[in-house]
Structures are given as structure tokens and as C-alpha cells.
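# Observations on the three-dimensional arrangement
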Amino acid sequence: MQKFHDPIPGPRLSVSTWSVHRALGDPAPYGSDAAGIPAHTHNNGALTLLDLPARIAQHGIRTLEICHFHLPSRDAAYLAQLRRAIEAAGVELWQVLIDAGDVTHPADGARDAAWIAHWIDVAHALGAKRARVIAGKQAPTRKNLAHSRDAILRLAEKAQPLGIRLVTENWFDLLDTPDDVLWLLEQAQGQLGLCLDFGNWKGAQKYAGFEAIAPLAESCHAKPQFEAGGSIEPADYTRCLDIMQAAGFAGPYTLIYDGPRADEFAGLEAEKRIVQPYCAP
């Protein structure tokens with residue numbers, strides 16, 4: 001299985017809108033069963049999504065990922081305005097994180113796939129390079145994995161002509177082991193990329209799991225664990241980063257902050273100090 005080559009190779013710092021969820025006013029997550037965007041939960045924070053690209057650029061971060069539920073509108077005019085703000089800040093929109101939907105659900109899989117397809121259109125309108133989708137939330141049986149593969153390939157057929165690469169993550173029950181991740185990527189025959197998230201696997205075996213899938217990772221959610229006092233637990237963080245570096249990782253290290261600090265940008269700066277050396281040429 002060969003790794004996909006990023007046309008702009010090189011490890012670099014990135015950030016997800018999840019890391020500033022509180023600054024954005026805690027917009028409510030929602031999925032395919034919602035009637036629409038819960039508008040009343042948006043624009044209640046110290047920061048708007050339109051402000052964010054320039055703000056992260058001030059912190060020396062020029063790659064961004066946007067969670068779908070952080071968009072206050074899907075109207076074409078708003079998406080064009082946000083795209084202009086991203087481009088004006090000199091920021092690369094790496095991917096839209098489609099954080100809901102289960103294409104393997106026995107009753108709602110087709111509905112969720114159609115909902116995800118709509119978000120691929122949104123990613124295209126924003127100029128994103130990737131759309132990250134959930135491979136499935138059901139048990140990792142061969143039947144469910146095959147169902148995921150078929151749904152993923154149909155979504156990839158939609159995404160590719162738009163210049164969007166489809167990516168999934170080691171997340172939820174379906175992809176809870178390295179064997180299942182590797183099987184799905186092999187079956188997708190290069191039509192599906194991988195975002196490796198440090199926070200989704202637990203226990204001592206996670207490091208061996210990361211070593212197995214890291215060579216195929218195109219992006220990384222660099223999410224640390226936190227000690228009781230709120231500081232980053234450094235041993236786990238650096239061990240995960242060392243695994244990525246040893247695998248020759250050359251994509252964005254997306255800083256994920258969900259620690260206890262009220263000042264999320266201060267939390268991101270603490271992560272940045274640890275991750276920055278791994279971005280050196």
C-alpha cells in the first residue's frame with residue numbers, strides 16, 4: 001500500500017476550530033438528523049469564524065481545519081466571505097471535519113451518506129484540500145467494514161472531480177484497531193486518506209497501533225493528554241510525535257486543545273512549543 005503524496009509536502013503546524021470551541025461561543029454540534037444549523041448557538045463568543053484565520057496567522061499557524069458544526073451558515077455568500085478571509089490571511093484550509101454521520105448504520109446509512117455528500121460541496125466552496133469523514137460507528141465486522149468501503153468509494157467519486165481528497169480517522173468502533181484501519185485503506189485502493197488522531201486510542205497498545213498506521217497518515221491530530229494540574233503530559237505527547245517523525249510524516253500537525261485552560265490560545269501555545277521542533281526541515 002503506497003502513501004499518497006501531498007503536493008505541498010512538509011510537516012507544518014495547523015489548528016482545528018475545535019481547539020477554540022469556547023472562544024467561538026460553544027456552537028452546538030449536530031448531525032444528519034437535525035432540521036438545520038442551530039443558529040442561536042452561533043456568534044456568541046469572543047471570536048467569530050471569520051476572525052479566526054487572521055488570528056491563527058498572528059500565532060504563526062497558517063493551516064486550518066474547520067469542524068462542520070462551527071459554520072454558522074452554509075449560504076453561498078457566507079462561504080465565499082469565509083474563503084476570502086482564509087485566503088487574505090495567507091492560511092491553507094487543509095480540511096473540513098465532517099464530525100457526524102454513520103454510513104454503516106443499518107437504517108440511516110444512506111441518509112447519512114447523502115448528508116456527508118452535501119458537506120463535501122461545502123468543503124469545495126471553501127477551497128479545502130480534504131474532507132474528513134467518519135468511516136462508520138458500527139462494530140468492526142467484515143460486513144460493516146465492506147459496507148463502509150462501498151459508501152466511502154461512492155463519496156470519493158463525488159469528491160475527486162471537485163479536487164477534494166476524502167480522508168478518514170482512527171475513530172469510533174469501526175476503526176478501533178490498526179488492522180481495521182489498514183484493511184479499509186487497502187480496500188479503498190488509494191481513494192481514501194488517513195488522519196491519525198493521538199487521542200482516539202487508549203492504553204499501552206496504542207503506541208504499537210500508531211506505529212502500524214503512521215506510515216500512511218497524511219495529517220495528524222496532535223492531541224495531548226493533560227495532568228491533574230492542567231499541564232500537558234509530556235511523555236505521552238512526545239512519544240506519539242516521535243512515532244510520527246520516525247514514520248517520515250510530512251503533513252500538518254493539527255494542534256487539538258481540549259484542556260482545562262479558559263484561554264485556549266494559551267493552551268495552543270503550550271502545545272506549539274512541543275510540536276514546533278517536529279516541523280523543522
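Everything that follows concerns the structure shown earlier in this document.
One structure accompanies this document, and this report is about it. Model, not experiment: these values are computed from the prediction. (Residues numbered from 1 in each chain as written. Predicted model: local features only at pLDDT ≥ 70, side-chain atom pairs only at ≥ 80, totals over all residues. Heavy atoms only, no water.)

### Section: the pattern of salt bridges
Keep this limit in mind: We define a salt bridge as a contact between a side-chain nitrogen of Lys or Arg and a carboxyl oxygen of Asp or Glu at a distance within 4 Å. Per the convention used, a helix needs a DSSP run of H or I reaching at least four residues, while a strand needs a run of E reaching at least two, with both numbered from the N terminus. When accessible area is computed with a 1.4 Å probe and restricted to protein chains, residues below 20% of their type maximum are described as buried, those above 50% as exposed, and intermediate ones as partly exposed.
Per the counting criterion, the structure on display carries 14 salt bridges. One salt bridge in this structure joins Asp121 and Lys158, with 2.9 Å as the shortest N-O distance. With a gap of 37 residues between them, Asp121 in helix H3 (residues 109-126) and Lys158 in helix H4 (residues 142-159) connect regions that are remote in the sequence. Relative accessible area serves as the criterion here: at 30%, Lys158 is assigned to the partly exposed category. Among the ionic pairs, Asp150 bridges to Arg149, the shortest N-O distance being 3.0 Å. Classification of Asp150 as partly exposed rests on a relative accessible area of 32%. By sharing partners, the salt bridges in this structure join Arg12, Glu92 and Lys129 into a single network.

### With respect to the sheet that holds strand E2 (residues 63-67)
The strands making up a sheet are joined through hydrogen bonds of the backbone, oriented either antiparallel or parallel. Our working definition: One bridge is not enough; two strands pair if DSSP finds at least two bridges between them. Geometry is summarised by axes, namely lines fitted to C-alpha atoms with helices restricted to the contacting stretch, and by angles between N-to-C directions that run from 0 to 180 degrees.
The strand order around the closed barrel built from 8 strands is E1-E2-E3-E4-E5-E6-E7-E8, with neighbouring strands paired in parallel fashion. Sheet twist, expressed as the average angle between the axes of neighbouring strands with direction ignored, equals 30°. Here strand E1 (residues 12-16) pairs with strand E8 (residues 252-255) via 4 bridges, running parallel. Residue Arg12 lies in a different strand from E8, and its bridge partner there is Pro252.

### What to know about the environment of Leu93
Convention followed: In what follows, residue pairs with any heavy atoms lying within 4.5 Å of each other are defined as contacts.
Mapped onto the fold, Leu93 is located in strand E3 (residues 92-97). We classify Leu93 as buried; its relative accessible area is 3%. Considering only alpha carbons, one finds Leu93 and Ala123, 30 residues apart in sequence, at a separation of 9.2 Å. Apart from the residues within four sequence positions on either side, Leu93 is in contact with Leu64, Glu65, Ile66, Ile86, Leu126, Gly127, Ala128 and Lys129.

### Observations concerning the pairing of E3
We apply this condition: The crossover handedness rule: strands pointing away from the viewer, path from first strand over the helix to second strand clockwise, crossover right-handed.
Burial runs high along E3: 6 of the 6 residues are buried. For the crossover from E2 across helix H2 (residues 76-88) to E3, the handedness is right-handed. As judged from the 3 bridges shared by E3 and strand E4 (residues 130-132), these two strands associate in the parallel manner. Counted as the bridge partner of Leu97 is Arg132 from E4. The handedness of the E3 to E4 crossover, carried by H3, is right-handed.

### Considering the environment of His59
Let me state the cut-off plainly: Here a polar contact is recorded for every N or O atom pair within 3.5 Å, except that within protein the pair must consist of a potential hydrogen donor and a potential acceptor, and residues adjacent in sequence are included only if both atoms are side-chain atoms.
As for its placement among the helices and strands, His59 is situated in the loop between helix H1 (52-58) and E2. Each C-alpha atom of the pair His59 and Phe265 lies 8.6 Å from the other, and the pair is 206 residues apart in sequence. With residues up to four places along the chain from it excluded, the contact list for His59 reads Phe265, Glu269 and Lys272. Polar contacts involving the side chain of His59 include one to the side chain of Glu269, which spans 2.8 Å.

### A closer look at the nonpolar core
The condition that has to hold: Here, nonpolar core means buried Ala, Val, Leu, Ile, Met, Phe, Trp, Tyr and Cys residues that are tied together by side-chain atoms lying within 4.5 Å of each other.
Leu71, Ile98, Leu166, Phe198, Met244, Tyr253 and Val275 are the most contacted members of the largest nonpolar core, which has 87 residues in total. Broken down by element, the residue count for this core peaks at 9 residues, all from H3.

### What to know about the pairing of E2
The side chains of a regular strand alternate between the sheet's two faces. Of all 5 residues making up E2, 5 are buried, and the element is well covered by its neighbours. Side chains Thr63, Glu65 and Cys67 of E2 all project onto a buried face; the interleaved residues Leu64 and Ile66 project onto the opposite face, where all are buried too. As judged from the 2 bridges shared by E1 and E2, these two strands associate in the parallel manner. Following the sheet pairing, Ser16 is matched in E2 by Glu65. Traced from E1 through H1 to E2, the parallel crossover comes out right-handed.

### Considerations on the packing of aromatic side chains
The condition is simple: Each Phe, Tyr or Trp ring (for Trp, its six-membered ring) is paired with any other whose centre lies within 6.5 Å, and the angle between the two planes then decides the class: stacked below 30 degrees, edge-to-face above 60, tilted in between.
According to the stated counting rule, one finds 8 aromatic pairs in the structure shown. Between the aromatic rings of Trp171 and Phe172, the centroid separation amounts to 4.5 Å while the plane-to-plane angle is 35°, which identifies the pairing as tilted. Taking the centre distance of 6.1 Å and the plane angle of 40° together, the rings of Phe198 and Phe210 count as tilted. Pair noted here: Phe198 is in the loop between strand E6 (193-197) and helix H6 (206-213) and Phe210 is in helix H6, with a separation of 12 residues, a long-range link. An identical accessibility class is assigned to Phe198 and Phe210; each is buried.

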